[in-house]
Amino acid sequence: MNNSQQQQQQPPPPRRVSNVGSMLLTPQENESLFGFLGKKCVTMCSVVVQIYAAERNAMWSKKCCGVACLVKDNPQRSYFIRIYDIKEGKQLWEQELYNNFVYNSPRAYFHTFAGDTCQMGLNFANEEEAKKFQKTITDLLGRRQRKSGIYIVFQCLFILFVVLVYKRKPLAVVIPN
């Protein structure tokens, strides 16, 4: 085997995902932010926001201000919207992107979603950042939805295979949400 054939057979190097900072922060502030994320966590998009909650009375009330990051948390094997205070160097709030998470943008600068306890809103400091954040989240949700759809198809094909090959009924069929 010659050298060019060996190079063709080697798998591509693993993709290294790099942190994406906010265009409203300085490079030093973005680097500071990346340090708060935690080990093996990457921010796919970072934006400056105010976060609002609509609790029982359905009135929006401001909870905090900071930098919202769409974080891929590899140790937890999940994605989160996390708000950080870069001056204090701490996380202020988080929301996991649960199954069937729906992200709405009723205004170019104000986006909403159902949080764990109430309706939540992100009020963006910059509409361009808002657009970028929305695109990053909707692309991610679309990829996750396609992956879960493929998983269900493969699970159904496997059950069909078991039924046809072993000519018996499966004990149970479990289809995840």
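Structural notes, computed from the coordinates. As the structure is a prediction and not an experimental result, all values here were calculated from the model.

### Description of the packing of aromatic side chains
For step 1, the next point in the chain: Here the structure, examined in full by the defined rule, presents eight aromatic pairs.
For step 2, the next point in the chain: On the basis of an interplanar angle of 40° and a centroid distance of 5.4 Å, the ring pair of Phe 101 and Phe 113 is categorised as tilted. Taken together, the residues Phe 101 in the loop between strand S4 (90-96) and strand S5 (103-107) and Phe 113 in strand S6 (residues 110-114) connect sequence positions twelve residues apart. The residues Phe 101 and Phe 113 share a single accessibility class, namely buried.
For step 3, the next point in the chain: With 5.8 Å between their ring centres and 55° between their planes, Phe 124 and Phe 133 make a pair best called tilted. For the pair Phe 124 and Phe 133, a shared accessibility class is recorded, and that class is buried.
For step 4, the next point in the chain: An aromatic cluster is built from Trp 93, Tyr 98, Phe 101, Tyr 103, Phe 113, Phe 124 and Phe 133, whose rings are joined through pairwise contacts.
For step 5, the next point in the chain: The lysine or arginine in question, Arg 82, covers the ring of Phe 80, its NZ or CZ lying 4.2 Å from the ring centre.

About the cut-offs
Residues numbered from 1 in each chain as written. Predicted model: local features only at pLDDT ≥ 70, side-chain atom pairs only at ≥ 80, totals over all residues. Heavy atoms only, no water. Phe/Tyr/Trp six-rings, centres within 6.5 Å; stacked < 30°, edge-to-face > 60°. Helix = DSSP H or I, 4+ residues; strand = E, 2+ residues; numbered from the N terminus. Buried < 20%, exposed > 50% of the residue type's maximum accessible area, 1.4 Å probe, protein only. Lys NZ or Arg CZ within 6 Å of the ring centre and 35° of its normal.

Purely geometric numbers; function is a separate question.
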